[in-house]
Every structure is written in structure tokens, then in C-alpha cells.
Amino acid sequence: MTLLSLLDYGSVLIFALTGALVASRAQLDLVGFAFMASLTAVGGGTVRDVLLDRHPVFWVANPTYILIATGAAVLVFFTAHLVESRYNWLVWLDSFALSIAVAAGSGVALQLGQPPMIVVLMGMITGCLGGLMRDVVNDELPLVLKQGQLYVSCAFAGACLAVLSDWQGLPEIVVLAACAASCWGLRAGSLLFGWQLPVYKSRPPRQ
């Protein structure tokens, strides 16, 4: 099993847990749990593989990913009531999944010899789109777009660091670890300390 496969497994599992937590907040049935978990788990990676013309798509080539997502959905279905604050769990699990998925997406693009801009975009797409699909389908404000928090910026920074680390000729494990660590560090800092970028504020038109 390759390092990139391990990253895909990790992001699928953790993103699936977040999808199932959203399903629990929406009080869906078990099939709804499985759907939300699977959509969240493989959404970003599916778009990545389609855009990179990587066939078959990773979860079609290996359906174990869907089994993992479904297993996570079943686990949350029977245990979510034990969690005091499902939203806090959702946000923090999502931060871990984001970081792992950005590393996985960046790593796949690097392995295929894509140029730096595509590597960065694939990292961002892999990390952000699954959670975006999850929240849009559930009619919630996506975490990706939540004002006052870093999210896409974290994915961008992590993917850029992956490109720079690879350009320096560092080993793959160092490149991907630096990508994931920087992405999660920024996301955690935003959640804990309120780190954010300046936001747009409208001003009256000049006379």
C-alpha cells in the first residue's frame, strides 16, 4: 500500500464521519447516513480524478473506500447520541480530513507530473469539495464559506508548501507531511485563536 493510498483511506474515513454527523443533526435514516458519509468521503477525490483524467476513479478501482464510508456511517448512527456537542466534533474532524485530503490531492498531482498551479488546485479541490457537497446537500452554510474563519486559505497554503517542498527535492513523505501539517495548523489556529484574512466591507460610492 502506497503513502498516497493511506492518505486517501484516512481522508475518506474522517470525512465520512463528518458526513454522518451532519446526517445525525438532520435526523436522517441509516440509508441517508450512508449517502451523506459516502458523498462527503469521496466527493473531492472524485472531482480530482475526473479532472486529472485518472481512470478508473479511485473508489471505482477499489470499492473498499465506499465500504469504509458506510461503516463509518453505521458507527455514527448508533453512537452519535453519546456525543455532547456533535458540531464541535464535526468541525474538528473536518479540519483533520481537510488536511489529509489536501496532501492526498497534491500528492496525486505531483506523482502525475502536473505543473505547480495544477498541483495546488488539485490539493484544494480534493480537500474542500467533499465538505462543500455535504453542507450544500444538507442545506447548511458550508464551512468552506463561513465568515471569519480560514478554510480554503489553509488548503491553498498547504498545497503551495507541497509544491515548494517537492521543488526542493525533499522525500515524498516529508512533502506530504509538511502539506498536511501546515494546512491543519492554520485551520486549528483559525478555530482556536480566530485567525482570519481581511474580509470585504462595502463602502459608500465616491461622489
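Remember, it's a predicted structure, so these values are computed and weren't measured experimentally.

Visitor: Can you help me understand a nonpolar patch on the surface in this one?
Guide: Taken together, Leu30, Val74, Phe77 and Phe78 make up a surface patch of nonpolar side chains, about 330 Å² in accessible area. Of all the elements, helix H4 (residues 64-79) adds the most residues to the nonpolar patch, at three residues. Here valine 74 is to be found in helix H4.

Visitor: Honestly, the pattern of salt bridges in this entry has me stumped. Any pointers?
Guide: Side chains that differ in charge, positive against negative, can pair when their charged atoms come close. One pass over the structure, following the stated rule, counts six salt bridges. Its salt-bridge partner being aspartate 49, residue arginine 48 comes within 2.8 Å of it at the nearest N-O pair. Residue class for arginine 48 comes out buried when judged on its relative accessible area of 0%. Each of the salt bridges in this network shares a partner with another, and the network as a whole consists of Asp8, Arg48, Asp49 and Arg54.

Visitor: Can you walk me through the nonpolar core in this structure?
Guide: As a rule of thumb, nonpolar side chains are buried together in soluble globular proteins. The biggest cluster of nonpolar side chains holds 30 residues, and the ones touching the most others in it are Leu98 and Val102. Going through the elements one at a time, helix H1 (3-25), helix H5 (86-111), helix H6 (116-137), helix H7 (152-167) and helix H8 (172-193) are the ones with two or more residues in this core. Of all the elements, H5 adds the most residues to this core, at seven residues. Look past the residues within four positions of valine 102 in its chain and what remains in contact with it is Gly123, Gly127, Ala155, Gly158, Ala159, Cys179 and Cys183.

Visitor: I'm lost on the environment of valine 163 in this one. Help?
Guide: Counting through the fold element by element, valine 163 comes out in helix H7. Owing to a relative accessible area of 15%, valine 163 belongs among the buried residues under this scheme. Valine 163 sits 21 residues away from proline 142 along the chain, and the two C-alpha atoms are 27 Å apart. Beyond its immediate chain neighbours, meaning those up to four positions away, valine 163 contacts Pro116, Val119 and Val120.

Visitor: Would you mind going over H7 with me for this structure?
Guide: Side chains three or four residues apart in an α-helix point the same way, a direct result of the helix having 3.6 residues per turn. Here H7 contains 16 residues, and its C-alpha end-to-end distance of 23 Å stays within 8% of the 22 Å for a straight helix at 1.5 Å per residue. Cys154, Ala155, Gly158, Ala159, Ala162, Val163 and Ser165 are the residues of H7 that are buried. Of the surrounding elements, those touching the buried residues of H7 are H5, H6 and H8. Glycine 169 occupies a position one or two residues after H7 and carries a positive phi of about 80°.

Visitor: Sorry, what's going on with H8 here?
Guide: When the terminal C-alpha atoms of H8 are compared, their 31 Å separation across 22 residues agrees well with the 32 Å that a helix rising 1.5 Å per residue should span. Three or more residues of H8 are buried, namely Val175, Leu176, Cys179, Ala180, Cys183, Arg187, Ala188, Gly189 and Ser190. Those residues of H8 hidden inside the fold are in contact with H1, H5 and H7. Just past H8, the residue glycine 194 takes up positive phi, approximately 75°.

Visitor: Which parts of the structure should I look at to understand the packing of H6 against H7?
Guide: Helix-helix packing is characterised by the crossing angle of the two axes and by the distance between the axes. In contact at an axis separation of 8 Å, H6 and H7 are set at 140° when each is read in the N-to-C sense. By the criterion of interaxial angle, the relationship of H6 to H7 is oblique. Here the hand of the crossing between H6 and H7 comes out right-handed. Residues Pro116, Val119, Val120, Gly123, Met124 and Cys128 of H6 lie in contact with H7, whose contacting residues are Val152, Ala155, Phe156, Ala159, Cys160 and Val163. Grouping the constituent residues of the contact of H6 with H7 by class yields eleven nonpolar, one polar and no charged.

Rules used throughout
- Residues numbered from 1 in each chain as written.
- Predicted model: local features only at pLDDT ≥ 70, side-chain atom pairs only at ≥ 80, totals over all residues.
- Heavy atoms only, no water.
- Patch = residues over 30% accessible without salt bridge, like charges linked within 9 Å, V, L, I, M, F, W, Y side chains within 5 Å.
- Areas by Shrake-Rupley, 256 points an atom, 1.4 Å probe, with all protein chains shown as cover.
- Salt bridge = Lys/Arg side-chain N within 4 Å of Asp/Glu carboxyl O.
- Helix = DSSP H or I, 4+ residues; strand = E, 2+ residues; numbered from the N terminus.
- Buried < 20%, exposed > 50% of the residue type's maximum accessible area, 1.4 Å probe, protein only.
- Core = buried A, V, L, I, M, F, W, Y, C linked by side-chain atoms within 4.5 Å.
- Contact = heavy atoms within 4.5 Å.
- Expected span 1.5 Å × (residues − 1).
- Axes fitted to C-alpha atoms, helices over the stretch in contact; angles between N-to-C directions.
- Parallel < 35°, antiparallel > 145°, perpendicular 65-115°, else oblique.
- Left-handed = near helix turned anticlockwise from the far one by under 90°.
- Nonpolar A, V, L, I, M, F, W, Y, C, P; charged D, E, K, R; others polar.

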